[in-house]
Amino acid sequence: MSTAVLSGKVALVTGGSKGIGACVAMALSQLGAKVVISYGSDASAADSTVSKLGGPDNALAVRADAGSVAGIESLVSATVGKFGKIDILIPNAGVPEMKTVSTTSEADFDRSFNLNVKGPYFLVQKALPHMPRGSSVVLISTTQTAASTVTAPYTLYCATKGAVEQMGRTMSKDLLATKGINVNVVSPGPTGTELFYRGKSDQVLRMIAGLNPNNRIGTPEEVADAVVFLCRPEARWISGQNIRVNGGQA
């Protein structure tokens, strides 16, 4: 099987400078795709990722607010201006705001829904005119929306990701019928990114790992493998699905 199965394809990954997004971008690049990543503020991390993706001939980093329509329009414009089209769309940027109902402010709510819901919704809308038939959209949710172990601080985060899951379920029918574009959702379980580890004690990390039958926390690369599979030709008959990538964790 060709290792350049995505040669000639152009991928746009928001939040692609770090964590799961960076691993997705790298895996897409290794399969031959040109990759555009967006980032919020860390230009050095974005530049480093572009270098790993093969430099400016193969990749582009764009600073953009992935939770605003203006930022999304600038990101799509930069992608099309550089590479001419968009075959693969991964709205990965998000904020894991840990808030209960009683501790959520209006600003918390707006920030979370802007980046986690409005951003992906309008990114798909603005990218559509530049996406040929056979393109792929992979939305990112979380296993926590269905986990029996979910706790109160996940209320706001799960509300946004529940919206993403419903968006993927209905959007897949619309875009497949009208544009020939597959839409799926990947819902990771606990995944060992820098953001995930931040502020967690060893005791908490051991507890989280113990909830998984593998007795460990997943890696960004394991999540990226599932995301990228849904962008390959072998996944052409998969659409409207929510793939929970969590090592068997309920």
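Procedures and definitions
- Residues numbered from 1 in each chain as written.
- Predicted model: local features only at pLDDT ≥ 70, side-chain atom pairs only at ≥ 80, totals over all residues.
- Heavy atoms only, no water.
- UniProt positions renumbered as here; feature names shortened; annotations may be inferred.
- Salt bridge = Lys/Arg side-chain N within 4 Å of Asp/Glu carboxyl O.
- Helix = DSSP H or I, 4+ residues; strand = E, 2+ residues; numbered from the N terminus.
- Buried < 20%, exposed > 50% of the residue type's maximum accessible area, 1.4 Å probe, protein only.
- Pairing = 2+ DSSP bridges.
- Core = buried A, V, L, I, M, F, W, Y, C linked by side-chain atoms within 4.5 Å.
- Contact = heavy atoms within 4.5 Å.
- Axes fitted to C-alpha atoms, helices over the stretch in contact; angles between N-to-C directions.
- Disulfide = S-S within 2.5 Å.

By the naming in an unreviewed UniProt entry, the chain is 3-oxoacyl-[acyl-carrier-protein] reductase, taken from Exophiala spinifera. On record in UniProt, under Sequence similarities (unreviewed entry), the comment for the chain is "Belongs to the short-chain dehydrogenases/reductases (SDR) family."

> How would you explain the pattern of salt bridges if you had to name every residue and give the values?
The final tally for this structure, using the stated rule, is ten salt bridges. For Lys126, the salt bridge goes to Glu73, with nearest N and O atoms at 3.6 Å. Here Glu73 lies in helix 3 (residues 69–83) and Lys126 lies in helix 4 (residues 106–127), a separation of 53 residues in the sequence. Given a relative accessible area of 24%, Lys126 falls into the partly exposed group. In this structure, Asp108 engages Lys99 in a salt bridge whose closest nitrogen and oxygen atoms are separated by 3.5 Å. Given a relative accessible area of 8%, Asp108 falls into the buried group. In the salt-bridge network here, residues are joined through shared partners; they are Glu97, Lys99, Asp108 and Arg111.

> So what's going on with the pairing of strand 3 (residues 59–63)? Residues and values would help.
In the sheet, strand 2 (residues 34–39) pairs with strand 3 via five bridges, with the strands oriented parallel. When the bridges of strand 3 are listed, Ser38 appears paired with Val62.

> Outline the nonpolar core, listing residues and values.
Residues Val24, Leu28, Val35, Ile90, Val138, Val186 and Val227 are the most contacted members of the largest nonpolar core, which totals 32 residues. Among the secondary structure elements, those contributing two or more residues to this core are strand 1 (10–13), helix 1 (19–30), strand 2, helix 2 (43–52), strand 4 (88–90), strand 5 (136–140) and helix 8 (220–229). When residues in this core are grouped by element, the largest group, six residues, is from helix 1. Apart from the residues lying within four places of it in its own chain, the contact partners of Val24 are Val13, Ile90, Ala224, Val227 and Val228. One finds Val36, Val124, Leu139 and Val164 within the second-largest nonpolar core, a separate group that totals 26 residues.

> Give a detailed account of the side chain of Ser239, specifying residues and quantitative values.
Among the secondary structure elements, Ser239 is positioned in the loop between helix 8 and strand 7 (242–245). Beyond its immediate stretch of four places on either side in the chain, Ser239 contacts Ser172, Leu176, Asn182, Val183 and Asn184.

> Could you give me a rundown of the sheet that holds strand 1, with the residues and numbers involved?
Taking strand neighbours across the sheet as the criterion, the seven strands line up as 3-2-1-4-5-6-7 in an open arrangement whose pairing is parallel. Each end of this open sheet is capped by a strand with a single partner; those strands are strand 3 and strand 7. In this sheet, adjacent strand axes meet at a mean angle of 15 degrees when their direction is disregarded. The sheet contact formed by strand 5 and strand 6 (residues 182–188) spans five bridges and is parallel. Paired with Ser136 across the two strands is Asn182, which belongs to strand 6. Helix 2 rests against strand 2 and strand 3 of the sheet, and its axis sits at about 170 degrees to strand 2.

> Outline the environment of Lys161, listing residues and values.
Tracing the backbone shows Lys161 in helix 5 (residues 155–179). Through-space distance from the C-alpha of Lys161 to that of Leu175 is 20 Å; in sequence the pair is 14 residues apart.

> An account of the state of the cysteines is requested, with residue identities and associated values reported.
Following the criterion strictly, the structure yields zero disulfides and no others. With no disulfide of its own, Cys23 has Cys231 as its nearest cysteine by sulfur position, at a separation of 14 Å. The class of Cys231 is buried, set by a relative accessible area of 7%.

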